[in-house]
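A look at the structure
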Amino acid sequence: MSNTTGINDGAARILIETRALTKIYDGTSGSPPAVNALNLKIPAGEFTAIMGPSGSGKSTLLYLIAGLAEPTAGEVLIDGVSISSLSDTARARMRNTRIGFVFQRFNLLGFLSARDNIEAPRLMGWKQRGSPRAIDDLLVAVGLEKKRLRKVSELSSGEQQRVAIARALINDPDILLADEPTGNLDSRNAEAVLDLLLKLKDELGLTIVMVTHNLDVALRADRIIQMKDGSVERELMTNELDSSSEWAQRPAGHIRP
Ligand SMILES: Nc1ncnc2c1ncn2[C@@H]1O[C@H](COP(=O)(O)OP(=O)(O)OP(=O)(O)O)[C@@H](O)[C@H]1O
Ligand SMILES: [Mg+2]
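This text gives an overview of the structure that appears in the document. If you're wondering where the values come from, they're calculated on a predicted model, not measured in any experiment.

When helices and strands are tallied, the protein shows eight helices and ten strands. Looking at the protein residue by residue over its 257 residues, the buried ones come to 49%. As displayed, the protein offers around 11,800 Å² of accessible surface, 47% of which is attributable to carbon and sulfur atoms.

In structure tokens:
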């Protein structure tokens, strides 16, 4: 049904590609690679969910795609350009203008307001695209316009996650990488964050790669990639799923209750 490299060959433009991507962390030689010769092609506009047990390399893969970690071998291509071929400055510019990142822990500044957290990347002088998204538009997009001046430490987890998503979009990226954006949320808040991601994907034409442990969340993506020991164990397009499939009957097996 599927393989690691070519489900959509010939269809949409491939926006994110990894070729034999490998990461062995410094000082861990002898341990298995965190990401192991991984090949992936993600078309523009697709919503991909990455699943897999703890330690299988999901966060590392996102960091590599974002250019926040250096591959030990192999490469990441964004729009056909290998990011390791770029100068440090060009890579930083690409990361700051094309990629938004929602971290596994929110990484928000609790003592600042929602609005100031969203503006923080800009205040810290990160490079921007020509017309950064207006903060107030982002607050509306994530449904927090009424709470924009609240300190983040006084917001619920779901609201904090929405601030983190808005912050990731400040420079109008075309790629959003989100590491367990629903991980610490109850099912209602998780649903709200997921609805928000789907809305943003449609409205902004985002290409989204999201790590999740939750199969119900993953099933709303276009594609699910299941990782194991740094490699792709299997993948499927969710629109090809039927109730007789192995996924539907015996889901990934790593789902948190
Ligand atoms: N900074 C680091 N230095 C050394 N080893 C690391 C580092 N970060 C991750 N690892 C190791 O790399 C492997 C993959 O880790 P990674 O964080 O990518 O897993 P994950 O799939 O995101 O796990 P989780 O579901 O728990 O978040 C693990 O064995 C982990 O211990
Ligand atoms: Mg992780």
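What follows covers the site of ligand 1. In the neighbourhood of ligand 1, 14 residues make up the surrounding shell, with Ser 54, Gly 55, Lys 58, Ser 59 and Thr 60 lying closest. Within the side chain of Thr 60, one N or O atom sits 2.5 Å away from an oxygen atom of ligand 1. Compared with its free state, where it exposes 630 Å², ligand 1 has 59% of that area covered by protein. Of the residues in the shell around ligand 1, the class split is three nonpolar, nine polar and two charged.

Moving on to the sheet that holds strand β8 (residues 207-211). Sheet architecture is open: six strands sit in the order β6-β7-β8-β3-β9-β10, paired in mixed fashion. Both outer strands of the open sheet, β6 (99-102) and β10 (231-237), are each paired with one neighbouring strand and no more. This sheet shows a mean twist of 15° between the axes of neighbouring strands, independent of strand direction. Of the strands in this sheet, β3 (47-51), β6, β7 (175-179), β8 and β9 (223-228) touch helix α1 (residues 58-66), which is tilted by about 155° from β7.

In this section: α1. With seven of nine residues buried, α1 is to be regarded as a mostly interior element. Listed as buried for α1 are Lys 58, Thr 60, Leu 61, Leu 62, Leu 64, Ile 65 and Ala 66. With its phi angle positive at about 75°, Gly 67 sits one or two positions after the end of α1.

Time to look at the pattern of salt bridges. Under the definition given, this model contains 15 salt bridges. Residue Glu 70 is joined to Arg 91 by a salt bridge in which the shortest nitrogen-to-oxygen separation is 3.2 Å. Here Glu 70, found in the loop between α1 and β4 (73-78), pairs with Arg 91, found in helix α2 (residues 88-98); they are 21 residues apart in sequence, far enough to count as distant. Asp 136 is the partner of Arg 115 in a salt bridge, and the nearest nitrogen-oxygen pair spans 3.4 Å.

The next point concerns the sheet that holds strand β1 (residues 14-23). Strand order in the open sheet formed by four strands is β2-β1-β4-β5, and the pairing between neighbours is antiparallel. Whereas interior strands pair on both sides, the edge strands pair on one side only; in this sheet they are β2 (35-43) and β5 (81-82). Two elements, β4 and β5, share two bridges in a ladder whose sense is antiparallel. The residue of β5 that forms the bridge with Ile 78 is Val 81. Seen against the sheet, α1 touches β1, β2 and β4 and runs at an angle of roughly 120° to β1.

Before going further, it helps to examine the packing of aromatic side chains. For any pair of aromatic rings, the description rests on two quantities: the centre-to-centre distance and the angle between the ring planes. For the structure shown, the criterion picks out three aromatic pairs. Three or more aromatic residues joined by ring pairs make a cluster, and in this case those are Tyr 63, Phe 101 and Phe 103.

Following both chains from N to C, one finds helix α5 (residues 157-168) and helix α6 (residues 187-204) inclined at 20°, their axes separated by 9 Å at the closest point. Classified by the interaxial angle, the pair formed by α5 and α6 is roughly parallel. Crossing of α5 against α6: the hand is right-handed. Residues Gly 158, Gln 161, Arg 162 and Ile 165 of α5 lie in contact with α6, whose contacting residues are Asn 189, Val 193, Leu 196, Leu 197 and Leu 200. Residues that form the contact of α5 with α6 fall into these classes: five nonpolar, three polar and one charged.

Let us now look at the pairing of β10. Here β10 lies mainly inside the structure; five of its seven residues are buried. A loop of two residues connects β9 with β10, the two strands running antiparallel in sequence, and Asp 229 in this loop sits at a positive phi of about 50°.

Conventions used here
Residues numbered from 1 in each chain as written. Chains lettered and ligands numbered in written order. Predicted model: local features only at pLDDT ≥ 70, side-chain atom pairs only at ≥ 80, totals over all residues. Heavy atoms only, no water. Helix = DSSP H or I, 4+ residues; strand = E, 2+ residues; numbered from the N terminus. Buried < 20%, exposed > 50% of the residue type's maximum accessible area, 1.4 Å probe, protein only. Areas by Shrake-Rupley, 256 points an atom, 1.4 Å probe, with all protein chains shown as cover. Near = heavy atom within 4 Å. Polar contact = N/O pair within 3.5 Å; in protein donor to acceptor, adjacent residues only side chain to side chain. Nonpolar A, V, L, I, M, F, W, Y, C, P; charged D, E, K, R; others polar. Pairing = 2+ DSSP bridges. Axes fitted to C-alpha atoms, helices over the stretch in contact; angles between N-to-C directions. Contact = heavy atoms within 4.5 Å. Salt bridge = Lys/Arg side-chain N within 4 Å of Asp/Glu carboxyl O. Phe/Tyr/Trp six-rings, centres within 6.5 Å; stacked < 30°, edge-to-face > 60°. Parallel < 35°, antiparallel > 145°, perpendicular 65-115°, else oblique. Left-handed = near helix turned anticlockwise from the far one by under 90°.

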